[in-house]
Amino acid sequence: MDEATKRSLAQAGVDVDEALERFMGNESLMLKFLLRFPADENFSHLRQAMAAGDAAGAFAAAHTLKGVAGNLSLKGLCQPLHPLVEDLRGGNLAAAAEKMPALEAAYTQITDLLAQLA
Amino acid sequence: MNHSAAKTILIVDDEAINRAILSNIFGPEYEILEAEDGQEGLDRIEEHSDRLSAILLDVVMPHVNGIQVLRRLNQAGLTQSIPVFLITADEASSTMREAYELGVMDVIFKPVVPYMVRRRVNSVVELFQARRRLGAEVERQREELLLQAQQLAEMGMGMVEALSTAIEFRSDESGEHVRRIHDITCLLLRDTPLGEGLTEAQIKLIGIGAITHDVGKISIPDAILNKPGRLTAEEFELMKTHTLRGAELLARIPQMREHAAYQYAYDIALHHHERWDGGGYPHHLVGDAIPIWTQVVSLADVYDALVSKRCYKDALAAETARDMILEGQCGTFNPKLLECFRQVEPRLRQFYNTAQGGQDHG
């Protein structure tokens, strides 16, 4: 992975060093899962459940997304995601809905970048 | 001693990325098995339970979740032998409490930090390995101790038998007398209803008591012990004291007194000349006041005396000996004892299949 890629990943909110450490320095394995992230369906599930007012479904999707984002050290995404997960854990759809735009923005930023890298 | 090749870890997680991360961490040291949900995890565990070093278990999974897997492992007692680690993104305390109660060794939070999860898992795996090795070592030592105890018991038995045989030699009887009384007594107790309610261990102890039945003869002068022909009334009174002297002798040996066979040996030495109708000695006990094992030894003693040559008599044929006993010519015995004796008597002859034809060498 070249320096330019690292820099742009960092700009998109990825803690590259931490992610690399989690993959035991195995860069290709990390990249494989990073590039697979845009295909992960949890975000669209979350979006659909929020639109349908399904708090339980939204929580399940947000919770799984938090796990995947955490593993990839997608800090930019985790930041708005964590409080949203807690809102949904408490069944507070209205509070979660208020946080959705910020999450959408962070999600778009990282997936756009990853799509370019692929 | 570290059989790293044999170490296997099972990773149960529905997310491919989680399995990949954990597999990448433990791959260099362990053989990795993966399962994509709880049910598949349970299947893998059933197949490989004897070689799993650890199980890394996700909590939230479709179908069968991690806690359900844990409950099943707990029921099967497997959490005792295989360390289970819960890998969870949740810090919900109720889940963690239940997990610990069900026997997980540790809870590790996602996203995992490799050096930490590796250290924590390896420590526990080593602990379990050490515990297993130690358990095997304790088991081996226990077996060794049991063997030594058995050897000691056999040596003790050998001493008792040697002493009893030495005493028998004085009265011109071979050591085989002692052995045969033992064998006849044990056969009657093992193979007839006479031994009902007695365990094999008890019968063995009674066998020891049968061996020492005549130790009191050590106190009887040679002139009486080896007198050919009938004893005078006075001589017979002295001869009868071998029962009392035998019991006294046994009671004076501390090792004997503490031996599990003592209660049998003492009674047999003291009462093996009692008779069912009270016509015996030294206490003229009647009927069941004489313990059944002592009654059996009495009969074995009489039978062996009849079919063996003694200084005061020739050996009799087995049939003659049997009939004399059944007809009451050697004192009255318990009818139940006589019936059992009648049935197995032909088998007792196997103990006399020697070159001497059952006669003592003198």
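Presented here is an overview of the structure given in this document. Just so you know, these numbers come straight off a predicted model, no measurement behind them.

Topic: the overall build of chain B
Scanning chain B from N- to C-terminus turns up 15 helices and 5 strands. Contacts spanning at least 24 positions in sequence make up 62% of the contacts within chain B whose residues lie at least 6 apart. In the form shown here, chain B has an accessible surface area of approximately 17,800 Å², with 54% of it arising from carbon and sulfur atoms.

Re the interface of chain B and chain A
Contact residues are listed per partner, giving 17 residues for chain B and 17 residues for chain A. For the chain B and chain A pair, buried surface summed over both sides reaches about 1,500 Å², with 61% attributable to carbon and sulfur atoms. Counting across the interface, chain B meets chain A through 0 salt bridges. The interface formed by chain B and chain A contains 4 residue pairs in polar contact (both at pLDDT 80 or more). Mapped onto the side of chain B that touches chain A, the elements with two or more residues apiece are α1 (16-26) and α5 (114-170) of chain B. Top contributing element to the side of chain B that touches chain A by residue count: α1 of chain B, with 7 residues. When grouped by side-chain class, the residues that make up the side of chain B that touches chain A number 12 nonpolar, 2 polar and 3 charged.

Let's talk about the packing of aromatic side chains
The final tally for this structure, using the stated rule, is 9 aromatic pairs over all chains. Measuring from ring centre to ring centre gives 6.1 Å for F236 of chain B and Y281 of chain B, while their planes differ by 80°; the resulting arrangement is edge-to-face. Remark: Y281 of chain B occurs in the loop between α12 (262-271) and α13 (292-307) and F236 of chain B occurs in helix α9 (residues 233-240); sequence separation between them is 45 residues. Judged by relative accessible area, which is 12%, Y281 of chain B ranks as buried. Each ring, one from Y264 of chain B and one from W293 of chain B, has its centre 4.9 Å from the other, and the planes form 85°; the classification is edge-to-face. Of the two residues, Y264 of chain B is situated in helix α12 and W293 of chain B in helix α13; the sequence distance between them amounts to 29 residues. Each member of the pair, Y264 of chain B as well as W293 of chain B, carries the same accessibility label: buried. Taken together, the aromatic side chains of F37, F43 and Y107 of chain A make up a single cluster linked through ring pairs. The side chain of R131 of chain B reaches across the aromatic face of F128 of chain B, ending 4.8 Å from its centre.

Some thoughts on the sheet that holds strand β4 (residues 84-88) of chain B
Pairing between sheet strands relies on hydrogen bonds along the backbone, with the strands arranged either parallel or antiparallel. Residues and elements named next belong to chain B. Spatially, the 5 strands line up as an open sheet ordered β2-β1-β3-β4-β5, and their pairing is parallel. Two strands lie at the open edges of the sheet, namely β2 (31-35) and β5 (106-109), each paired on one side alone. Recorded for the sheet is a direction-independent mean angle of 20° between the axes of neighbouring strands. With 5 bridges joining them, strand β1 (residues 8-12) and strand β3 (residues 52-58) adopt parallel strand pairing. Counterpart to L10 in the pairing with β3 is I55. α1 contacts β1, β2, β3 and β4 of the sheet and is inclined by roughly 170° relative to β2.

Details of the pairing of β2 of chain B
All names here are of chain B. Here β1 pairs with β2 via 5 bridges, running parallel. Looking at β2, one finds that I11 is bridged to E34. Handedness of the β-α-β unit built from β1, α1 and β2 comes out right-handed.

Procedures and definitions
For every chain, the first residue of the written sequence is number 1, and numbering continues from 1 along that sequence. The order in which chains are written sets their letters, starting at A; the order in which ligands are written sets their numbers, starting at 1. In keeping with the model being predicted, local features are shown solely for residues with a pLDDT of at least 70 and side-chain atom pairs are shown and tallied solely at 80 or more, while totals for entire chains, interfaces and linings include all residues. Each side-chain value is derived from all of the structure's non-hydrogen atoms; neither hydrogens nor water enter the calculation. Elements are defined by DSSP. Helices are runs of H or I of four residues or more, strands are runs of E of two residues or more, and each kind is numbered from the N terminus. For this analysis, residues touch if any pair of their heavy atoms sits within 4.5 Å. Accessible surface area values rest on a Shrake-Rupley calculation with a 1.4 Å probe, where residue burial reflects the displayed protein chains alone. Summed over both partners, buried area is the accessible surface (1.4 Å probe) that two parts give up on being assembled. We count a salt bridge whenever a side-chain nitrogen from Lys or Arg sits within 4 Å of a carboxyl oxygen from Asp or Glu. Whenever two N or O atoms come within 3.5 Å, that pair is a polar contact, provided that in protein one can donate a hydrogen and the other can accept it, and provided that, for residues adjacent in sequence, both atoms are side-chain atoms. Gly is placed with the polar residues, together with every amino acid not listed as nonpolar (Ala, Val, Leu, Ile, Met, Phe, Trp, Tyr, Cys and Pro) or charged (Asp, Glu, Lys and Arg). Two aromatic rings, drawn from Phe, Tyr or Trp (for Trp, its six-membered ring), form a pair once their centres lie within 6.5 Å of each other, and the interplanar angle then sorts them: stacked below 30 degrees, edge-to-face above 60, tilted otherwise. Between buried and exposed lies partly exposed: a residue is buried under 20% and exposed over 50% of the maximum accessible area for its type, with that area taken using a 1.4 Å probe on protein chains only. Counting as a charge over the ring demands two things of the Lys NZ or Arg CZ atom: a distance within 6 Å of the ring centre and an angle within 35 degrees of the ring normal. Two strands pair under a simple rule: DSSP has to find at least two bridges between them. Between N-to-C directions, angles span 0 to 180 degrees; the directions come from axes that are lines fitted to C-alpha atoms, helices contributing only their stretch in contact. The definition of a right-handed crossover adopted here requires that, viewed with the strands pointing away, the path from the first strand over the helix to the second runs clockwise.

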